[in-house]
Amino acid sequence: MTQEYRVLLEHADKINPESAADYIQVGGYKGLEKARSMNPKDLTEEVKKSGLRGRGGAGFNAGMKWSFVPQYPETKYVVCNFDEGEPGTYKDRIICQKNAQALLEGMAICGHAIGSNNGYIYCRGEYPFVVEMLKKAIGNAKESGALGEFNIEVRMGAGAYVCGEETALIESIEGHRGEPRFKPPFPGVEGLWRMPTVVNNVETFACLPYIMTNGADWFAGIGAKSYPGTKVLTLTGDIENPTYFEVPTDYLLRDVIYELGGGVKGGKKLKAVQVGGTSGAFIPSQNLDTPIDFDSMGAIGAALGSGAVFVMDESRDIVDIINRIAKFFEHESCGQCTPCREGTFRCKEIMERINTGRGSLKDIENLKVLARIMQKASLCGLGQAAPIPITSTLEHFEYEYLRKLV
Amino acid sequence: MDIKLTIDGKEIEVPQGTMLLEACRKAGADIPTFCYDPDLKLAGSCRMCVVQPKGWRNLVASCVTPAQNGMVIETESSDVVEARKVVLELMLARHKLTCHTCEKDGECNLQDYCYRYGVTESRFAGKVHNLFKDDSNPFIERDYDKCVMCTRCVRACEEITGARAINVMDRGHHAHIATAYDGSLEDSPCVFCGQCIMVCPVGALSSKIAAGQGKPAQNDKVMTTCTYCGTGCTFELNVKNDKIVGVTSNRDAEWSPVNKGALCVKGRFGWDFVNSPERLTTPLIKENGEFRPASWDEALDLAADKIKAVKEQYGPDSISMFSSARITNEENYLAQKLMRAAIGSNNVDHCARL
């Protein structure tokens, strides 16, 4: 199978994403209608049954997440995580620009399931033009009556990577420093303004109308069994065809690169591919025959994450790339917990030393110790995932480090 | 409802909702902490209190992780010890190591934990930031080159005092404690209560008034009640060679029931008058525009005679008394008694009423 399978992007560029009428013409808002005819509990069960898992990176079962939300208090929130901060990821922007109404419909479906009419979209600060578009789309949907009582407000981030972490995102909406909260309590119980809150990714919400329209079984039958559905991937780096694709989740990573992607740019050999964004593992070419779904990626020590696929050809200097990544995390750490605040900084220092030919074997030992403790003891996913590029390249590309040592 | 869990091989029961830190301490484990403070909101950020729940992938910060039924916890597993050592090394890498001249020497968490885990130096030593804040205020020394970013000062300022003078500024390794726009404390809503000094686990915040006169850890401590007002705050007078050299908080509610260690600028920093040569040591009587020392008997007799004379000539209502908030309720009671019963006037008032 080497073809795309478009569900979310089926009508891309054929409908106006701002227009509810356009969307309704291609079958839109039927899912919400069906959802609203259901009892919220049954609706949540239906979503659970579809096997839909979070598309933001954590891969948590969406229906399960909703089921943690208590019936009371009455004030609850549906929050869409559109921070999309992972470098190389732009699939949420594509989904909004091509099919914004599906996102709005998905949020309203979730709202019915948990008993909330309050929606927020937290949009990446670098996407002011998408904010404008979303506001128009929301206005149009409200006018058309398609959303009913469900309201959606768009909030804008200010460029902090950590605000993609759901509790930091919540803090940011509340007007505080973008710092993750310790968990528990999880947002489902105590989220935005300490009220029960569901935070899902753009792509997760956008899947919901199709699940409702075509049924949970239909969705569960697409792609990988344990992570069904389609996934929008964004290809970047040394690739002939650097663009986005929607594929079923059992699609092979090799086919993403060599079929849809058209192969490594200039016919060069592949050195590594990083999947899931900057905190993703570096995958060597011998592991390319892996399906892209969450669990298959996890089995080779990688992560599907946000669905970014960053391709590096044979000429790339792994240590230099890791050095840049270390700089990125040093810059993006919120500074709250010790392992991440100090660890990302010292990782950067050590990587700079190695990259400029001043590093020693001791530095590599220290890097490994630091990475282990950051993964085990950091407060949030940022600190826990920041060393993954380092550990995965030390595993697969250690010679690149060794040849740069003093 | 109680839950059962095993900590370091010991089975214990705790009420639902108990955090692991408390459960571990109950089981006799000595859990080190920096950011945890029983009187402040939880932060869970220093990661010093991490413990290992059996079967969990990661370590958890015990101060913010609720105990669960059936948990099996190790508090000093090799992973836990390694994590704590690395946390200490990361703190040391940015810490100005001047223990020999530090006011906090001898009661510093960083020092004590490094001793406990045998951390002599940091494998991660590298660049250090110059964060020392040359703050012109007369009370609080702010040496953030010793700061471990536990944010207890920030929380104490907001939650105990309500001043909100300080917060975290910037991000990542550049994060530091600052006033709005990183100015001086005098230009901030700071009221110089020094609660930040009270909660600081290291030597980043200290008293300028007491500096150099004796390390608090080595001074004798005398519990007493503040004389500045009638609130009745208790504190520890720091005494060295029979001289008062400082004030520190005793946060134990049994010793300090009124204030739990919290003080105001006067109580914490206003004690140096005790040894001032300008202090009055005898009553003074003014004659021909000049003060001369007098005995208590002479001074009291003179005052009584004058009051009596005024009362005889103009009546008791011509006399009034202002008493002070610095004296106790009992003393204030006696003061009004003196006015009403002995002098016969209801003209009694008190500065705290205004």
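It should be emphasised that the depicted structure is a prediction, and the values quoted were computed from it without experimental measurement.

Colleague: Would you mind showing me how to read the interface of chain B and chain A here?
Modeller: Interfaces are often described in size by the accessible area the parts lose on coming together. Each partner contributes residues to the interface: chain B has 37 residues there, and chain A has 31 residues. At the junction of chain B and chain A, the tally comes to 4 salt bridges. The salt bridge partner of R372(A) is E82(B), with a shortest N-O separation of 2.5 Å. At the junction of chain B with chain A, the criterion picks out 24 residue pairs in polar contact (both at pLDDT 80 or more).

Colleague: Please clarify how the side chain of T393(A) should be interpreted in this entry.
Modeller: Residues and elements named next belong to chain A. Looking at where T393 falls in the secondary structure, it is placed in helix 16 (residues 388-396). On the basis of relative accessibility, which here comes to 0%, the residue T393 falls in the buried class. Every residue in contact with T393, bar those within four places of it in the chain, is listed here: F282, I318, I322, E398 and Y401.

Colleague: Which parts of the structure should I look at to understand the domain arrangement of chain A?
Modeller: All names here are of chain A. According to the domain assignment, chain A consists of domain 1 (20-220), domain 2 (230-313) and domain 3 (318-402). Relative to domain 3, the C-alpha centre of domain 2 lies at a distance of 23 Å. Contacts between the two partners involve 12 residues from domain 2 and, on the opposite side, 14 residues from domain 3. Roughly 990 Å² of surface becomes buried between domain 2 and domain 3 when both sides are summed, with 76% attributable to carbon and sulfur atoms. At the junction of domain 2 and domain 3, the tally comes to 1 salt bridge. Salt-bridge contacts for E400 lead to K271; the nearest nitrogen and oxygen are separated by 2.5 Å. Elements supplying a minimum of two residues to the side of domain 2 that touches domain 3: strand 9 (270-275), strand 10 (282-284) and strand 11 (308-313). The greatest single-element share of the side of domain 2 that touches domain 3, amounting to 3 residues, is contributed by strand 9. Here the residues of the side of domain 2 that touches domain 3 are counted per class, giving 6 nonpolar, 5 polar and 1 charged.

Colleague: Looking at this model, I keep getting lost on the environment of E76(B). Mind explaining?
Modeller: Residue and element names in this part refer to chain B. Within the secondary structure, E76 sits in the loop between strand 5 (72-74) and helix 2 (78-92). A residue is classified by how much of its surface remains accessible, and E76, at 36% relative accessible area, is partly exposed. Sequence separation between E76 and V51 is 25 residues; the distance between their C-alpha atoms is 7.3 Å. Within polar-contact distance, the side chain of E76 engages the side chain of R116 at 2.6 Å. Here Y117 takes part through its side chain, which lies 3.0 Å from a polar atom of the side chain of E76.

Colleague: Mind showing me how you'd approach helix 7 (residues 296-314) of chain B here?
Modeller: For an α-helix, the turn length of 3.6 residues means that residues three or four places apart are oriented alike. With 19 residues, helix 7 of chain B should cover 27 Å at 1.5 Å per step; its first-to-last C-alpha distance of 27 Å lies within 8% of that length. The first or second residue beyond helix 7 of chain B is G315(B), which carries a positive phi of 90 degrees.

Colleague: Before we go on, may I ask you to explain the packing of aromatic side chains in this structure?
Modeller: Each aromatic ring pair is specified by the distance between its two centres and by the angle formed by the two planes. All names here are of chain A. Applying the stated criterion to the full structure yields 17 aromatic pairs over all chains. Measuring from ring centre to ring centre gives 6.0 Å for Y77 and Y120, while their planes differ by 50 degrees; the resulting arrangement is tilted. On the criterion of sequence distance, the pair formed by Y77 in strand 1 (residues 77-82) and Y120 in strand 2 (residues 118-123) is long-range, its members being 43 residues apart. Looking at Y120, the relative accessible area reads 9%, which means it is buried. Ring geometry for F397 and Y399: centres 6.5 Å apart, planes at 50 degrees, overall tilted. Classification of F397 by relative accessible area gives buried; the value is 4%. Using a relative accessible area of 49% as the deciding quantity, one classes Y399 as partly exposed. Taken together, the ring pairs in this structure connect Y77, Y120 and W193 into an aromatic cluster.

Colleague: Hey, could you run me through empty space enclosed by the protein in this one?
Modeller: A full pass over the atoms with the stated rule returns 4 cavities of 30 Å³ or more. Lining of the largest cavity is provided by 18 residues; of these, I140(B), C157(B), I166(B), C190(B) and C196(B) occupy positions nearest its centre. Those elements giving two or more residues to the lining of the largest cavity turn out to be strand 7 (140-143), helix 4 (152-161) and helix 5 (195-199) of chain B. It is helix 4 of chain B that contributes the most residues to the lining of the largest cavity, 3 residues altogether. When grouped by side-chain class, the residues that make up the lining of the largest cavity number 14 nonpolar, 3 polar and 1 charged. What the second largest cavity holds in volume is close to 80 Å³. P180(A), C334(A), C337(A), C340(A) and C380(A) are the residues nearest the centre of the second largest cavity, which is lined by 13 residues in total. Of all elements in the fold, only helix 13 (338-355) and helix 15 (381-385) of chain A reach the threshold of two or more residues within the lining of the second largest cavity. Of the residues that constitute the lining of the second largest cavity, the class distribution is 8 nonpolar, 4 polar and 1 charged.

Colleague: Quick question: what am I supposed to make of the nonpolar core here?
Modeller: In globular proteins that are soluble, nonpolar side chains generally tend to be buried together. Residue and element names in this part refer to chain A. Ranked by internal contacts, the top residues of the largest apolar core, which has 61 residues, are Y29, F82, L103, L104, M107, I121 and L134. A per-element tally of this core places helix 5 (residues 91-114) first, with 13 residues. When residues no more than four places from it in sequence are discounted, the contact partners of L134 are F82, C96, A100, L103, I121 and V154.

Colleague: Whenever I open this one, the domain arrangement of chain B confuses me. Can you help?
Modeller: Segmentation of chain B into domains returns domain 1 (2-76), domain 2 (122-275) and domain 3 (284-353). For domain 2 of chain B versus domain 3 of chain B, the separation of C-alpha centres amounts to 40 Å.

Colleague: Explain the pairing of strand 1 (residues 2-7) of chain B to me, please; I cannot follow it from the model alone.
Modeller: Strand residues, when the strand is regular, have side chains that alternate between the two faces of the sheet. Residues and elements named next belong to chain B. Relative to strand 2 (residues 10-15), strand 1 is paired through 6 bridges, and the arrangement is antiparallel. Opposite L5, over in strand 2, you have I12 as the bridge partner. Two successive antiparallel strands, strand 1 and strand 2, enclose a turn made up of 2 residues, where D8 displays a positive phi of approximately 50 degrees. Looking at chain direction, strand 1 and strand 5 are connected through 2 bridges and run parallel. Its bridge partner lying in strand 5, I7 is registered against I73.

Colleague: What is the right way to look at the sheet that holds strand 10 (residues 205-207) of chain B in this model?
Modeller: Across a sheet, paired strands are connected by hydrogen bonds in the backbone, their directions being either parallel or antiparallel. Residue and element names in this part refer to chain B. Taken together, 3 strands build an open sheet; the order of strands is 6-7-10 and the sheet is antiparallel. Strands at the two margins of the open sheet, each flanked by one partner only, are strand 6 (132-133) and strand 10. Sheet topology places strand 6 next to strand 7; 2 bridges connect them, and they run antiparallel. Directly across from F132, in strand 7, lies its bridge partner D143.

The rules behind each value
- Throughout, a residue's number is its position along its own chain's written sequence, starting from 1.
- Chain A is the first chain written and ligand 1 is the first ligand written, with later ones labelled in order.
- Reporting in this predicted model follows two pLDDT cut-offs: at least 70 for local features of residues, and 80 or more for side-chain atom pairs to be given and counted; totals over whole chains, interfaces and linings ignore these cut-offs and use all residues.
- Here the side-chain values reflect all heavy atoms present in the structure, with hydrogen atoms and water set aside.
- We call two residues contacting when some pair of their heavy atoms lies within 4.5 Å.
- We count a salt bridge whenever a side-chain nitrogen from Lys or Arg sits within 4 Å of a carboxyl oxygen from Asp or Glu.
- By the criterion applied in these results, polar contacts are pairs of N or O atoms within 3.5 Å in which, for protein atoms, one can donate a hydrogen and the other can accept it, and in which residues neighboring in sequence qualify only through two side-chain atoms.
- Numbering goes from the N terminus for both helices and strands, where a helix is a DSSP run of H or I of at least four residues and a strand is a run of E of at least two.
- Burial here depends on accessible area, computed with a 1.4 Å probe over protein chains only, as a share of the maximum for the residue type. Under 20% is buried, over 50% is exposed, and the range in between is partly exposed.
- Domain ranges listed in this record stem from an automatic or a database domain assignment.
- Defined here as a combined quantity, buried area equals the accessible surface (1.4 Å probe) lost by two parts on assembly, summed across both.
- Each residue gets one of three labels, nonpolar for Ala, Val, Leu, Ile, Met, Phe, Trp, Tyr, Cys and Pro, charged for Asp, Glu, Lys and Arg, and polar for the others, Gly among them.
- Residue count minus one, scaled by 1.5 Å, sets the expected span of a helix.
- Aromatic pairing here means that ring centres of Phe, Tyr or Trp (its six-membered ring) are within 6.5 Å. Orientation follows from the plane angle: under 30 degrees is stacked, over 60 is edge-to-face, and everything else is tilted.
- For each structure, a 1 Å grid was placed over the protein atoms alone; sets of points admitting a 1.4 Å probe that cannot get out are labelled cavities, open sets with protein on both sides within 12 Å along at least five of seven lines are labelled pockets, and lining residues have an atom within 4 Å of a point.
- Grid points are joined across faces, edges and corners, and a volume is the space filled by probe spheres set on the points.
- Grouping buried Ala, Val, Leu, Ile, Met, Phe, Trp, Tyr and Cys residues that are joined through side-chain atoms within 4.5 Å yields what is termed a nonpolar core.
- Strands pair, by our definition, only if DSSP identifies at least two bridges between them.

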